[in-house]
Amino acid sequence: MSDALPGPSAISGTTRLYVVLGDPVAQVRAPGLLNDLFARTARDAVLVPVHVGPDGLGEVMRGLRHMHNLDGILVTVPHKIEVCRYADLLGPAAEVAGSANALRRNPDGTWLADNFDGAGFVHGLRDNGHDPAGTTVALAGAGGAGRAVAAALLTAGVAQLRLYEPDSARQEDVLARLDARWPGRVRGGVEGDFDGDGDRVDIAVNATPLGMRPGDPLPFDPARLPRNCVVADIIMKPAETALLKAARDSGRPVVHGRHMLDSQVLLYQEFFALHASERNGRWEP
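A brief structural summary.

Thoughts on the sheet that holds strand β5 (residues 102–105)
(1) Moving on: Strand order in the open sheet formed by six strands is β2-β1-β3-β5-β6-β4, with mixed pairing between adjacent strands. The sheet is open, and its two borders are formed by β2 (45–51) and β4 (89–90), each paired with just one other strand.
(2) Moving on: When strand β1 (residues 16–22) meets β2, the two strands line up parallel, connected through seven bridges. The partner of Y18 across the bridge, within β2, is L47.
(3) Moving on: Most of the contacts of helix α1 (residues 30–40) go to β2, to which it runs at about 170°, and overall it touches β1, β2 and β3 (70–75).
(4) Moving on: On top of the sheet, helix α2 (residues 57–65) reaches β1, β3, β5 and β6 (111–114); it is set at about 170° to β1, its chief contact.

Here's what the structure looks like:
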């Protein structure tokens, strides 16, 4: 799949705009995937990365909402929780998780936010032969992506989810959200005891940013997990994090972060109505 952006001649005054917000954004793969989709389907649209820190998110979001030729916003770290404040409506996954990774402009001008991280992650697991139904999962990280992954895993039938988050207030908030929907199936874990006190762990997931930068410590030690435990990472760049390398070298099956995003492309097509016909230069349902 090509990562090339449309050529300059492909962009005109009728081009519809999409952006992906993050801090950093060098690691994002969405521009390559979505622009490739636009090119293959001859859509007059382009997606560009926007690097904005937490202190500028509000100002940028308020400006983006006023851009009449902007149809969609994708969101990556660290904005997935905070961005919900700038949506008029929350979809079901965003409502449960309290975080969003996509916003679209509705025909009436309102903005709807939803989260496809979790559904994409579960789809990627299954595509790699690992059905989470009935399993015990240890999940590191309760940020914007982590809480969405947790909700999707519970929806997929995980028997028990143990959540490890060093921010105790954040952990308690997410545990309360999840327990209200799935009582008795989720509990908090103690940092540094990721193997769950020796209990069975079928799938271990890193949903923290640890591994994006050289020299990051491992979010957990895969050597402490059962030999047949699947180790998954949601980080997309580098493609093989230090965690996944350590897990693979120790003989444990791994699932790379790219599978989560690859599985979301079809969900984005539906959410942004990219299968619809073009009307007056704008893609409408």
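Details of the environment of A273
(1) Moving on: Along the chain, A273 turns up in the loop between α9 (265–271) and β13 (278–279).
(2) Moving on: Here A273 falls in the buried class, since its relative accessible area comes to 16%.
(3) Moving on: Distance from A273 to R104, taken between C-alpha atoms, is 9.6 Å for residues 169 residues apart in sequence.

Observations concerning the pairing of strand β7 (residues 136–140)
(1) Moving on: Burial within β7 is extensive, with five of its five residues counted as buried.
(2) Moving on: Burial of β7 is two-sided: the residues T136, A138 and A140 facing one way and the residues V137 and L139 facing the other way are all buried.
(3) Moving on: Where β7 lies against strand β8 (residues 160–164), five bridges are found, and the strand directions are parallel. The partner of A138 across the bridge, within β8, is R162.
(4) Moving on: Taking the sense of rotation as the criterion, the β-α-β connection linking β7, helix α5 (residues 144–155) and β8 turns out right-handed.
(5) Moving on: Pairing analysis gives four bridges linking β7 to strand β10 (residues 203–206), with the strands arranged parallel. Considered in β10, the bridge of L139 is made with V205.

Considerations on the nonpolar core
Side chains of nonpolar character tend, in soluble globular proteins, to be buried together.
(1) Moving on: Among the nonpolar cores identified, the biggest contains 31 residues, and F121, L139, L153, L161, L178 and V205 are the most heavily contacted of them.
(2) Moving on: Going through the elements one at a time, α4 (117–127), β7, α5, β8, α6 (168–181), β10 and β11 (230–233) are the ones with two or more residues in this core.
(3) Moving on: Sorting elements by how many residues they give to this core places α5 first, with seven residues.
(4) Moving on: Beyond its immediate chain neighbours, meaning those up to four positions away, L139 contacts G146, V149, A150, L161, R162, L163, Y164, F194, V205 and A207.
(5) Moving on: Judged by nonpolar contacts, the second largest core, of 21 residues, contains V20, A45, A102 and L261.

Analysis parameters
Residues numbered from 1 in each chain as written. Predicted model: local features only at pLDDT ≥ 70, side-chain atom pairs only at ≥ 80, totals over all residues. Heavy atoms only, no water. Pairing = 2+ DSSP bridges. Helix = DSSP H or I, 4+ residues; strand = E, 2+ residues; numbered from the N terminus. Contact = heavy atoms within 4.5 Å. Axes fitted to C-alpha atoms, helices over the stretch in contact; angles between N-to-C directions. Buried < 20%, exposed > 50% of the residue type's maximum accessible area, 1.4 Å probe, protein only. Right-handed = clockwise from strand over helix to strand, strands pointing away. Core = buried A, V, L, I, M, F, W, Y, C linked by side-chain atoms within 4.5 Å.

Any link to function would need more than the numbers given here.
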